[in-house]
Amino acid sequence: MAEKEHTFEEAYRKLEEAVQKLEQGGLTLEQAIAVYEEGMRLVKICNECLNAAELKITQLQSLSEEGA
Amino acid sequence: MQIYTVSQVTSYLRELLESDLLLLDLWVSGEVSNLMQSSAGHLYFTLKDADSQLRCVLFRRDRDGTVLENGTAVIAHGQVSIYETRGELQFYVDLVQPEGVGLLHLQFQHLKAELEEEGLFDPARKRPLPPFPERIGVVTSPTGAVFHDIANVINRRYPLVELILAPTPVQGNGAPEGIVRALRALNDMEDIDVVIVARGGGSLEELWAFNEEKVARAIYASCAPVISGVGHETDFTIADYVADLRAPTPSAAAELATPDCWELRSRIDLYKWDLLSSISSQLSSWSDEVGRRQDRLEALSPDLKASRQRVDELSRGAWKCLEGLIAVRRQCVESLAAQLNSLSPANTLARGYAVVKHTARGEVISRTGQVRVGDNIEVRVTDGAFRGEVVEGEGENG
């Protein structure tokens, strides 16, 4: 099983890969089922990422006059 | 006292004029006269006002389709120097426009041409935007609607990001410097994925900071790709040309910077269906394959049904055969029985013969010598028997 995904992008990319791998075929039954299960896990992670997202806003303070 | 040659004087004057910063980058207004075009395509003319005139040349390489007419009021940009061959002061013009166009516009044209030539707008240099940005820097005013609009758009489209506002005034004195500082501060953070430089709509003067050379160079120097969203759809600034991507408005810049999470959700759903349909079609093809192999296995294995039928037929044949044999035997037995019957004494008895047995000894008496007078005998006839006693006898042999 692959290591944990840290970002949405990572999970999304892996999902794309899993779909591609499964659609390409040529896997054994066990491999195909493992890829399918991994893909479904990534679907869940992606959706959770999107559901839990909350925009963060930071404002840089006092941009100094030096270097202008 | 030193004596100079004419060439030395004109050369000295040229150096003097060309080291003067004002004369190097000069804007002059005046009226065109004495216009003539050389065979090489250069334009020679005089700019004059009520009191003075200035000899001018516009070389073909700078003309860029410029058409001049005697008597028109123009604003020209260029450099003042000396034409040594003739010892004449000359204004080397590189840009000339009718006066009504306005100075800001001319400055814009001039800077645009200069930066374009330097390669700052080179399409090959435009960088692709990251498809899934995590940190987006925003260079704009902390007050006003622009940042609020950008934050709203991004919150709606892709709230997975962190927005970093680098605040700066976007118009008036100090705006260009502030924008440059903000861009540098974001550049120093190193983990910014994309930068939005934005300002709401305004007049040409209000948007002017985005036409400043130092702003253009700071955008060019940004490590992260820059999206410009300045003014309205119809406003083009130098910042737009140098940015990696121009957005018509600040909100459009926010849209271009982020993927749409609803689109992503539907794509994820699609991937889910792809996974499902792919695995189920593979499973069913595997199960078809198992079925096919089973069929082949059965085809290759001995045909039990046919064998059973054959056994059945054989055993039925055997049985028939056996029955035949039995019938033959039965006939045999019957004829033997008939034969036997023909040999039995019963028929002889029926014809009137009798069988005599010695009662005491039980033996059949066929000769006279077997009995004496007084012996008891048993006589069997066809329908029964009776007893008797030997009374007298005479043998053939005595």
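Nothing here was measured: the structure is a model prediction, and the numbers come from that model.

### Considerations on unusual backbone geometry
All names here are of chain B.
Then, number 1: Non-glycine residue N34 carries a positive phi angle of around 55°.
Then, number 2: With respect to the helices and strands, N34 occurs in strand β1 (residues 26–37).
Then, number 3: Phi at E190 is positive, roughly 70°, even though this residue is not glycine.
Then, number 4: Note that E190 resides in the loop between α6 (175–189) and β8 (194–199).
Then, number 5: E190 sits in the exposed class, given a relative accessible area of 73%.

### A few points about the interface of chain A and chain B
Then, number 1: Across the boundary between the two partners, chain A contributes 39 residues, which contact 40 residues of chain B.
Then, number 2: Regarding the contact of chain A and chain B, the summed buried area is about 3,500 Å², with carbon and sulfur atoms giving 69% of it.
Then, number 3: Applying the counting rule to chain A against chain B returns zero salt bridges.
Then, number 4: Across the chain A-chain B interface, the total number found is 13 residue pairs in polar contact (both at pLDDT 80 or more).
Then, number 5: When residues of the side of chain A that touches chain B are traced back to their parent elements, those giving at least two are α1 (8–24), α2 (29–52) and β1 (56–59) of chain A.
Then, number 6: Among the elements that line the side of chain A that touches chain B, the one with the most residues is α2 of chain A, at twelve residues.
Then, number 7: Here β1 of chain A pairs with strand β7 (residues 162–167) of chain B via four bridges, running parallel. Among the inter-strand pairings, T58 of chain A is bridged to a residue of β7 of chain B, identified as I164 of chain B.

### Things to note about the nonpolar core
Then, number 1: Core analysis: the largest hydrophobic core is formed by 45 residues, its most contacted members being F8 and L15 of chain A together with I136 of chain B.
Then, number 2: Contributions of two or more residues to this core are made by α1 and α2 of chain A together with β6 (135–140), α5 (145–157), β7, β8, α9 (250–257) and α10 (261–300) of chain B.
Then, number 3: With eight residues, α2 of chain A is the largest single contributor of residues to this core.
Then, number 4: Formed jointly, this core draws a minimum of three residues from each of two domains, domain 2 (123–259) and domain 3 (263–300) of chain B.
Then, number 5: Ignoring sequence-local partners within four residues, the contact set of I136 of chain B consists of I154, V161, E162, L163, I164, I192, V194, I196, A257 and T258 of chain B.
Then, number 6: L120, V170, V197 and V226 of chain B belong to the second-largest nonpolar core, a separate cluster that totals 35 residues.

### Remarks on the pairing of strand β4 (residues 73–83) of chain B
All names here are of chain B.
Then, number 1: Judged by how many residues are buried, β4 sits mostly within the fold: eight of eleven residues are covered.
Then, number 2: With six bridges joining them, β1 and β4 adopt antiparallel strand pairing. Looking at the pairing, V28 lines up with A76 of β4.
Then, number 3: A loop of four residues connects β4 with strand β5 (residues 88–98), the two strands running antiparallel in sequence, and G87 in this loop sits at a positive phi of about 65°.

Criteria and thresholds
Here the residue numbers are simple positions, counted from 1 along each chain's written sequence. By the order in which they are written, chains take letters starting at A while ligands take numbers starting at 1. Where totals are concerned, whole chains, interfaces and linings use all residues; where local detail is concerned, this predicted model gives features only for residues with pLDDT of at least 70, and gives and counts side-chain atom pairs only at 80 or more. The basis for every side-chain value is the complete set of non-hydrogen atoms in the structure, without hydrogens or water. In this text, helices come from DSSP runs of H or I with a minimum length of four residues, and strands from runs of E with a minimum of two, each type numbered from the N-terminal end. In this scheme, a residue with accessible area under 20% of its type's maximum is buried, one over 50% is exposed, and one in between is partly exposed, where area comes from a 1.4 Å probe on protein chains only. The contact rule is simple, with two residues in contact once any of their heavy atoms fall within 4.5 Å. Buried area is a sum: the accessible area each of two parts loses on coming together, probed at 1.4 Å, counted once for each and added. We count a salt bridge whenever a side-chain nitrogen from Lys or Arg sits within 4 Å of a carboxyl oxygen from Asp or Glu. We call two N or O atoms a polar contact when they sit within 3.5 Å, provided that within protein one can donate a hydrogen and the other can accept it, with sequence-adjacent residues counted only if both atoms are side-chain atoms. We treat two strands as partners when DSSP finds at least two bridges between them. Grouping buried Ala, Val, Leu, Ile, Met, Phe, Trp, Tyr and Cys residues that are joined through side-chain atoms within 4.5 Å yields what is termed a nonpolar core. Marked domain ranges trace back to an automatic or database domain assignment.

Note that every value here comes from positions in space, so none of it alone points to a role or purpose.
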